[in-house]
Amino acid sequence: MGKLSDKIDILQTKVATEALQKELANVKDELKQTRVNATETDALQGHANIFICQSCKFAKEPTGMQRNPGMVEQARDLAFN
């Protein structure tokens, strides 16, 4: 995660407009909330969620994924076991 955060910091120094600086800051905040399984233990069961931007739509339903009740239109869930 550190490498991605460092790349964002470098990009922020290159971005000229305030709007893009804000957008990069938001991406950096989202990145901080990302969780990574840093153990050597495999996840044998679980769920993976994918989210696309609020103005985007899926062209077709992603294979093996579903939109569960209560999920926003831009989210899909993949159960694995």
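That block above? That's the structure.
What you see is a predicted model, and the numbers here were worked out from it, not measured in a lab.

Caption draft 1: Inspection of the overall build of the protein chain at higher detail. Of regular secondary structure, the protein chain possesses two helices and two strands. Moving toward the C terminus, one meets the helices and strands of the protein chain in the order α-α-β-β. The dimensions of the protein chain, computed from C-alpha atoms along their principal axes, are 45 × 35 × 20 Å. Taking all 81 residues of the protein chain together, 15% fall into the buried category. In the protein chain, of all internal contacts separated by at least 6 residues, the share reaching a separation of at least 24 is 40%. Accessible surface computed for the protein chain: about 7,100 Å², of which carbon and sulfur atoms make up 54%. Taken together, the 11 basic and 11 acidic charged side chains of the protein chain have centroids lying 4 Å from each other.

Caption draft 2: Helix 2 (residues 18-32), seen in detail. Over its 15 residues, helix 2 extends 21 Å from the first C-alpha to the last, a length consistent with the 21 Å expected when each residue adds 1.5 Å. All of the buried residues in helix 2 are Leu24, Lys28 and Leu31. One side of helix 2 carries all its buried residues, which in axial view fall inside an arc of 60 degrees. Turned more than 90 degrees off the buried face of helix 2, the exposed positions are Glu18, Ala19, Lys22 and Glu30. The opening residue of helix 2, the one whose side-chain oxygen lies 3.3 Å from the backbone nitrogen of Leu20, is Thr17.

Criteria and cut-off values
Residues numbered from 1 in each chain as written. Predicted model: local features only at pLDDT ≥ 70, side-chain atom pairs only at ≥ 80, totals over all residues. Heavy atoms only, no water. Helix = DSSP H or I, 4+ residues; strand = E, 2+ residues; numbered from the N terminus. Buried < 20%, exposed > 50% of the residue type's maximum accessible area, 1.4 Å probe, protein only. Contact = heavy atoms within 4.5 Å. Areas by Shrake-Rupley, 256 points an atom, 1.4 Å probe, with all protein chains shown as cover. Lys, Arg positive; Asp, Glu negative; His and termini not counted. Charge placed at Lys NZ, Arg CZ, Asp CG, Glu CD. Expected span 1.5 Å × (residues − 1). Arc of directions from axis to C-beta. Polar contact = N/O pair within 3.5 Å; in protein donor to acceptor, adjacent residues only side chain to side chain.

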